[in-house]
Every structure is written in C-alpha cells, then in structure tokens.
Amino acid sequence: AQSVTQLDSHVSVSEGTPVLLRCNYSSSYSPSLFWYVQHPNKGLQLLLKYTSAATLVKGINGFEAEFKKSETSFHLTKPSAHMSDAAEYFCVVSDQAGTASKLTFGTGTRLQVTL
Amino acid sequence: DSGVTQTPKHLITATGQRVTLRCSPRSGDLSVYWYQQSLDQGLQFLIHYYNGEERAKGNILERFSAQQFPDLHSELNLSSLELGDSALYFCASSPRYSTDTQYFGPGTRLTVL
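### So, the nonpolar core
Residues and elements named next belong to chain A. Among the nonpolar cores identified, the biggest contains 26 residues, and Trp 35, Phe 74, Leu 76 and Tyr 89 are the most heavily contacted of them. At four residues, the largest contribution of residues to this core is made by strand E10 (residues 87–97). In contact with Phe 74, not counting residues within four places along its chain, are Cys 23, Leu 33, Phe 34, Trp 35, Leu 48, Tyr 50, Ala 65, Glu 66, Phe 67 and Cys 91.

### Some details on the pattern of salt bridges
Evaluated as defined, the whole model comprises eight salt bridges over all chains. Where Arg 22 of chain A meets Asp 8 of chain A, a salt bridge forms, and the shortest distance between an N and an O atom there is 3.0 Å. Remark: Asp 8 of chain A occurs in the loop between strand E1 (3–6) and strand E2 (10–14) and Arg 22 of chain A occurs in the loop between strand E3 (19–21) and strand E4 (23–26); sequence separation between them is 14 residues. Relative accessible area serves as the criterion here: at 19%, Asp 8 of chain A is assigned to the buried category. Three or more residues are tied together by salt bridges with common partners; here these are Arg 63, Glu 82 and Asp 85 of chain B.

### Brief notes about the confidence of the model for chain A
Taken as a whole, chain A shows an average pLDDT of 91; of its residues, 96% reach a score of 70 or greater. Per-element confidence in chain A ranges from a low mean pLDDT of 79 for strand E11 (residues 100–105) of chain A to a high of 98 for E3 of chain A.

Here is what the cut-offs are and how they apply
Residues numbered from 1 in each chain as written. Chains lettered and ligands numbered in written order. Predicted model: local features only at pLDDT ≥ 70, side-chain atom pairs only at ≥ 80, totals over all residues. Heavy atoms only, no water. Core = buried A, V, L, I, M, F, W, Y, C linked by side-chain atoms within 4.5 Å. Buried < 20%, exposed > 50% of the residue type's maximum accessible area, 1.4 Å probe, protein only. Helix = DSSP H or I, 4+ residues; strand = E, 2+ residues; numbered from the N terminus. Contact = heavy atoms within 4.5 Å. Salt bridge = Lys/Arg side-chain N within 4 Å of Asp/Glu carboxyl O. pLDDT = per-residue confidence, 0-100.

Now the structure itself:
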C-alpha cells in the first residue's frame, strides 16, 4: 500500500521568508504525487502534481515541489511566504489502476504566516 | 472555483436519521469520488464511481451508500447516523485523460446531534 508522511504538523514562518513543508512517500512503484491546500472553511485546491515527467514541479501561487526518489521525498517550497498562504497543506499519493484512482492523504501541515 | 458543486453546504440532524448529500462533477468528467474529513481520521477515501459504475471502495461504512446517475451527478446516502459521523464530506471529479487528478467541491459539513 502507498502512503505519505508529513513530517511537521505545524510550520510557522514570517511573511517574506521561505516556506518548506516536508513530505516523504512510500510506494512500490513510481507514484503520482500531489500537494493540495485547504484554506479555513474551504474545499481542497490542487497546488501541483508530479507524474515523472520532470522532478521539479511548479504549481500555482509560486509553490513548487521536488521529487527525490533516492530520499523518497516530495517537499513543497515557496521562496517568499505571503499572509494569504496561511492554510492546511496536504501531501497526497495516488493509487491508480485503470480508471479507478484512490488518493491517500497525509495528515496535513498547518502553515502559519506571521508579520 | 473547481467546477464541482455540492449541496447542501451545511446539514444538522439527529442520531438515527438518514441524509443525502449531492454532488455534481465538472462538465465532462465521468468520475466522482467521495471523501470524509474528520478530526480524528483525517481525510479518507470512501468510494469512486466512473460513468455510473462503482469502481473502488475505501473505508465506507455499511450504513453509507452512494450512486451515480445517468446525468453523472452523485449522491451519498448516510443512514442510522451516529455522533461520530459528524464530518466534512467532499466530492471530487476527475477528467477522462487524467483520472488521478481530482478536483474537489466545497464540501458538505454534517453535524449529528
């Protein structure tokens, strides 16, 4: 079974400083990996997706993630945090077989951005 | 806005009751997924329908059932409700060309009193 582990349940950064949200995955084959963001009282928004085309994936709102097979990691980064980035972030792995696909979510990392 | 719609936004009911949650996928998407988000269990996959057929089941209780209709909208039926069923229920849909890229609706918050 595939799984993801988000290494920090809570991260706090100052506005304008870099963001690093850590995620390790476990998969028996090359996985599809995602980052989703959930703002308070909102649904889940897809930030970016990795599917083996390129190890560095650029997403929306200045976020990017790097797939490192040797480290089984898929960390999410942003060079400069903005107050609007404060939200819950989920690292996700896909278990796909034909037209059936199941997403397995990490436990989430709450990002706090302070002035 | 993902293009996935869910109704109602909020639902408050009593233990033992039955409720129906509704989801309309993005235009053109054939797949609908249901997820439950609770404080103790996190986000969990419940069930997946593709063009009216059930394709995958996750941690869905026997008291819960779902279906996808010919117009591709889906309903999640929750019966004999318990306090522990209080959660956010999300629906997602995915395009035919990338079934693992899922777009989520705003969710239905269910409160069981």
